[in-house]
Amino acid sequence: MISPKMQEAFNAHVTEELFSANLYLAMSAYCESRAHKGFGRWLRVQYQEELAHAAKFVDQLLARGGQVAVGAVAAPPKDFGSILQVFEAVLAHERKVTESLNRFYALAEAEKDSASHVFLQWFVTEQVEEEANVSEIVDKLKIVGDKSSAALYLDKEYGKRGK
Ligand SMILES: [Fe+2]
Ligand SMILES: [Fe+2]
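Thresholds, definitions, all that
- Residues numbered from 1 in each chain as written.
- Chains lettered and ligands numbered in written order.
- Predicted model: local features only at pLDDT ≥ 70, side-chain atom pairs only at ≥ 80, totals over all residues.
- Heavy atoms only, no water.
- Donors = N, O, S within 2.8 Å, 3.2 Å for Na, K, Ca; no water.
- Tetrahedral: all angles 85-135°; square planar, octahedral: opposite > 155°, others 65-115°.
- Helix = DSSP H or I, 4+ residues; strand = E, 2+ residues; numbered from the N terminus.
- Buried < 20%, exposed > 50% of the residue type's maximum accessible area, 1.4 Å probe, protein only.
- Expected span 1.5 Å × (residues − 1).
- Lys, Arg positive; Asp, Glu negative; His and termini not counted.
- Salt bridge = Lys/Arg side-chain N within 4 Å of Asp/Glu carboxyl O.
- Contact = heavy atoms within 4.5 Å.

**A few points about the coordination of the iron ion (ligand 2)**
Thinking step 1. All of the protein donors around the iron ion (ligand 2) are Glu50 (OE), Glu94 (OE), Glu94 (OE) and Glu130 (OE); their distances to the metal are 1.9 to 2.7 Å.
Thinking step 2. If you look at the iron ion (ligand 2), its 4 donor atoms make angles of 52 to 147 degrees with each other, and the shape they trace is irregular.
Thinking step 3. One chain supplies every donor for the iron ion (ligand 2), spaced along it as E-x43-E-x35-E.
Thinking step 4. Between the two metal centres, the iron ion (ligand 2) and the iron ion (ligand 1), the spacing is 3.4 Å, with Glu50 acting as a shared donor. Residue Glu50 is located in helix 2 (residues 37–63), and its partner Glu130 is located in helix 4 (residues 114–144); the two are separated by 80 residues in the primary sequence. The residues Glu50 and Glu130 share a single accessibility class, namely buried.

**What to know about helix 3 (residues 83–110)**
Thinking step 1. Taking 1.5 Å of rise per residue, 28 residues should cover 40 Å, and helix 3 covers 41 Å from first to last C-alpha, within 8% of that figure.
Thinking step 2. Trailing helix 3 by a residue or two, Lys112 shows a phi angle of about 55 degrees, which is positive.

**A word on the side chain of Glu130**
Thinking step 1. Buried within the structure, Glu130 lacks any salt-bridge partner; its nearest side chain of opposite charge belongs to Arg161, at an N-O separation of 5.2 Å.
Thinking step 2. Setting aside its immediate chain neighbours within four residues, Glu130 contacts Gln46, Glu49, Glu50, His53 and Glu94.

This is the structure:
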């Protein structure tokens, strides 16, 4: 059975994943409304991944005999600036999620909760991938700058995600 401390950390993390999901849904709509359907599509897939992450934490909590308490999720912003600023904000957000996961991982170690330790490893690896993918988009958008034809090419390329 999971400890109360770990249960609290799991529930807090469910809310965090749901916030990530809502943030990316809002960003996805924002990109689409600004003629960047491809990045909108990319972020919509990201939204679905974050929802799946939240569900994974819920499932693990249930499997360990914990009590699920889904918390209130704060509203994401509506305006995100330029497309480059959107992805800079995604990168900053993912870095925050990584920090929070690292604290969660350290807690599992401190609590000698080896099941959570193993479970969280998947997420640690996932964060490395997420940060690398988003870093790449930010770098490419910086290279492209205000060359609109190159930006539209990138938008088309990233729109292929999940198809
Ligand atoms: Fe996530
Ligand atoms: Fe993420």
